[in-house]
Amino acid sequence: LRQRLQIAESISANELHRSASQWFANEGLLPEAIHHALAGLDWEQAAGLIGSQSTLMLRRGELMTLLGWLKSLPEDVIRARPHLCSNYGWALMLTGQLDDAAVHLDCAERALQGKDDELGQIVVAQAYLARVRGDYPRAIALSKQALEFVAKDDILHRGLVTFTLGFSLFSAGHIAEAEPVLLEACEAARASGNDYARQTMLGLLGAIQKNQGKL
């Protein structure tokens, strides 16, 4: 088929990839659709498909696949989409690429000024980044700020920021204050299907019980 394509002059390889991408997307085969969109340099189609899957992939921990796709997109395509930019920042942060993560989170934050709910989601990520960097006072402050912005029914982000707040309080030595926050965050993570956060919080709660002699 590749040999025939080289001989034929009626259609280009990029056009075929774009047609294949649309067909796979219509059939609900999104990884294949994304593969062909990227191969066909159809950045709009690829960015749209990746954006539709990025939050779910973060929750499932499919970070390397997501990063591979995002790194194939031109940077200006990502920066034009705050949601995609934010999730790129999350994926970079969760794989230890903290400086690059900060750049993309800052980009998303600038784009979402005035949109409190969406801006709150970025502050959640900024708080998480501060926690990863070990800046617990900043993480605690940003977490409390984010809780004022994030909608009450946004279980995912409220769970994430409660997790960040509880973890930061624990790490800063505020154990008594951390425990109820971690319990709340653990329940929120269970409700939103965020297994990574839930497992981490269960470990911290176990450590608190151990330190209290409640073996």
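As a reminder, the structure under discussion sits directly above these lines.
About the cut-offs
- Residues numbered from 1 in each chain as written.
- Predicted model: local features only at pLDDT ≥ 70, side-chain atom pairs only at ≥ 80, totals over all residues.
- Heavy atoms only, no water.
- Helix = DSSP H or I, 4+ residues; strand = E, 2+ residues; numbered from the N terminus.
- Buried < 20%, exposed > 50% of the residue type's maximum accessible area, 1.4 Å probe, protein only.
- Areas by Shrake-Rupley, 256 points an atom, 1.4 Å probe, with all protein chains shown as cover.
- Axes fitted to C-alpha atoms, helices over the stretch in contact; angles between N-to-C directions.
- Parallel < 35°, antiparallel > 145°, perpendicular 65-115°, else oblique.
- Left-handed = near helix turned anticlockwise from the far one by under 90°.
- Contact = heavy atoms within 4.5 Å.
- Nonpolar A, V, L, I, M, F, W, Y, C, P; charged D, E, K, R; others polar.
- Salt bridge = Lys/Arg side-chain N within 4 Å of Asp/Glu carboxyl O.
- Expected span 1.5 Å × (residues − 1).
- Phe/Tyr/Trp six-rings, centres within 6.5 Å; stacked < 30°, edge-to-face > 60°.
- Lys NZ or Arg CZ within 6 Å of the ring centre and 35° of its normal.

A tally of helices and strands in the chain yields 13 helices and 0 strands. Reading the helices (α) and strands (β) of the chain from amino to carboxyl end gives α-α-α-α-α-α-α-α-α-α-α-α-α. Residues classed as buried in the chain amount to 43% of the 215 residues present. Counting every atom, the chain has about 11300 Å² of accessible surface; 52% of that belongs to carbon and sulfur.

Let us now look at the packing of helix 4 (residues 43-60) against helix 5 (residues 63-72). Helices that pack against each other are described as a pair by the angle of their axes relative to one another and the distance between those axes. Following both chains from N to C, one finds helix 4 and helix 5 inclined at 155°, their axes separated by 10 Å at the closest point. Judged on the interaxial angle alone, helix 5 and helix 4 are roughly antiparallel. The element helix 4 and its partner helix 5 pack so that their crossing is left-handed. Residues Trp 43, Ile 50, Ser 54, Met 57 and Leu 58 of helix 4 touch helix 5, and the partners they reach there are Leu 63, Thr 65, Leu 66, Trp 69, Leu 70 and Ser 72.

Once that is clear, we can look at helix 3 (residues 30-39). Of the residues making up helix 3, those classed as buried are Leu 30, Ala 33, Ile 34, His 36, Ala 37 and Leu 38. Considering only its buried residues, helix 3 is in contact with helix 2 (13-26), helix 4 and helix 5. One or two positions beyond helix 3, positive phi appears at Leu 41, with a value near 60°.

To continue, consider the packing of helix 12 (residues 175-192) against helix 13 (residues 195-211). At a minimum axis separation of 9 Å, helix 12 and helix 13 run at an interaxial angle of 150°. Here helix 12 is positioned roughly antiparallel relative to helix 13, judged by the angle of their axes. Crossing angle aside, the handedness with which helix 12 passes helix 13 is left-handed. The residues of helix 13 that touch helix 12, namely those facing Ile 175, Glu 179, Leu 182, Leu 183, Ala 185, Cys 186, Ala 189 and Arg 190, are Ala 197, Arg 198, Met 201, Leu 202, Leu 204, Leu 205, Ile 208 and Gln 209. Among the residues forming the contact of helix 12 with helix 13, the class breakdown is 12 nonpolar, 1 polar and 3 charged.

On to the pattern of salt bridges. Scanning the entire structure with this criterion turns up 5 salt bridges. Across the pair Arg 79 and Glu 75 runs a salt bridge, and its minimum N-O distance is 3.1 Å. With Arg 79 and Glu 75 both in helix 6 (residues 75-79), this residue pair falls 4 residues apart, about one helical turn. The class for Arg 79 is partly exposed, based on a relative accessible area of 34%. Among the salt bridges present, the one from Arg 190 reaches Glu 187, with a minimum N-O distance of 2.5 Å. With a gap of 3 residues between them, Arg 190 and Glu 187 both fall in helix 12, about one helical turn apart.

For the rest of this paragraph, the subject is helix 10 (residues 136-149). End to end, helix 10 covers 20 Å across 14 residues, agreeing with the expected 20 Å (1.5 Å per residue, within 8%). Looking only at helix 10, the buried set comprises Ala 139, Ile 140, Leu 142, Ser 143 and Ala 146.

Let us now look at the packing of aromatic side chains. Tallied over the entire structure, the rule returns 4 aromatic pairs. Through a chain of ring-to-ring contacts, three or more aromatic side chains come together here, namely Trp 90, Tyr 128, Phe 163 and Phe 167. Across the ring face of Tyr 128, the terminal group of Arg 131 is positioned such that the distance to the ring centre comes to 4.7 Å. The side chain of Arg 131 reaches across the aromatic face of Phe 167, ending 4.1 Å from its centre.

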